[in-house]
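Here is what each chain is made of, one letter per residue.
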Amino acid sequence: GTVLYYLMRVEPYTAWYVSLQGGHFDYPDRLFRSMRIAWQSCTTSLQNVGELIPELFYQAELFRNRGNLPLGSLHDGTRVSDVELPPWSNNSPEL
């Protein structure tokens, strides 16, 4: 599940992720949508036992929603699409 959490924007992982979630994407608030949020969750929550996967360091397409997947919107109306990257990256997953 943890690997699919990070790779859900890239096929064939998209199909596997949707299958794991019962035929649909998980709630937008629980999707991988921000490096900051993922980092905070992994480092401050005792309930999150996730770990970084190697693809985070070389597979830039996992940060982009190139397939325009219907990932939904957060409670505040913000549409979930590309992963929010840290400010130092200048919004480039290739760095």
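Note that the structure is a prediction, hence the values are computed from the model and not measured.

J.: Let's hear about the packing of aromatic side chains: which residues, and what values?
T.: In the structure shown here, the tally under the stated rule is six aromatic pairs. Note on tyrosine 13 and tryptophan 16: the rings are 5.4 Å apart at their centroids and 85 degrees apart in plane angle, and the pair reads as edge-to-face. Of this pair, tyrosine 13 and tryptophan 16 both sit in helix α2 (residues 13-20), three residues apart, which is roughly one turn of that helix. With a relative accessible area of 24%, tyrosine 13 lands in the partly exposed category. For tryptophan 16, a relative accessible area of 48% puts it in the partly exposed group. Pairwise contacts between aromatic rings join Tyr5, Tyr6, Phe32 and Phe63 into one cluster.

J.: Talk me through the side chain of glutamate 55; I want residue IDs and the actual numbers.
T.: Position of glutamate 55 relative to the elements: it lies in the segment after α3 (35-44). The side chain of glutamate 55 is buried and forms no salt bridge, while arginine 9, the nearest opposite charge, is found at 14 Å. If near-sequence neighbours (up to four positions away) are discounted, glutamate 55 is found in contact with Leu7 and Leu62.

J.: With reference to specific residues and values, describe the environment of proline 86.
T.: Tracing the backbone shows proline 86 in the segment after α3. Put simply, proline 86 and glycine 23 are 63 residues apart on the chain and 31 Å apart in space, counted from C-alpha to C-alpha.

J.: Mind laying out α2, listing which residues take part and the relevant values?
T.: Along α2, the residues that are buried comprise Thr14, Tyr17 and Val18. Looking straight down α2, one finds its buried side chains confined to an arc of 95 degrees; they lie on one side. Residues of α2 that are exposed and point over 90 degrees away from its buried face: Ser19 and Leu20. For α2, the elements touching its buried residues are α1 (2-7). Positive backbone phi, at 80 degrees, marks glycine 22, one or two positions downstream of α2.

J.: With reference to specific residues and values, describe the nonpolar core.
T.: Residues Tyr6, Leu7, Val10, Phe32, Ala38, Ile53, Leu56, Leu62, Phe63, Val83 and Leu85 constitute the largest nonpolar core, which totals eleven residues. What isoleucine 53 contacts, discounting residues up to four positions off in sequence, is Val3, Tyr6 and Leu7.

J.: Before we move on, can you summarise the pattern of salt bridges with the specific residues and values?
T.: Scanning the entire structure with this criterion turns up two salt bridges. As a salt-bridge pair, aspartate 26 and arginine 30 come within 2.7 Å of each other at their nearest N and O atoms. One salt bridge in this structure joins arginine 64 and aspartate 82, with 3.6 Å as the shortest N-O distance. In this pair, arginine 64 is assigned in the segment after α3 and aspartate 82 in the segment after α3, connecting sequence segments 18 residues apart. You can call arginine 64 buried: its relative accessible area is 12%.

Reading the values: the criteria
- Residues numbered from 1 in each chain as written.
- Predicted model: local features only at pLDDT ≥ 70, side-chain atom pairs only at ≥ 80, totals over all residues.
- Heavy atoms only, no water.
- Phe/Tyr/Trp six-rings, centres within 6.5 Å; stacked < 30°, edge-to-face > 60°.
- Helix = DSSP H or I, 4+ residues; strand = E, 2+ residues; numbered from the N terminus.
- Buried < 20%, exposed > 50% of the residue type's maximum accessible area, 1.4 Å probe, protein only.
- Lys, Arg positive; Asp, Glu negative; His and termini not counted.
- Salt bridge = Lys/Arg side-chain N within 4 Å of Asp/Glu carboxyl O.
- Contact = heavy atoms within 4.5 Å.
- Arc of directions from axis to C-beta.
- Core = buried A, V, L, I, M, F, W, Y, C linked by side-chain atoms within 4.5 Å.

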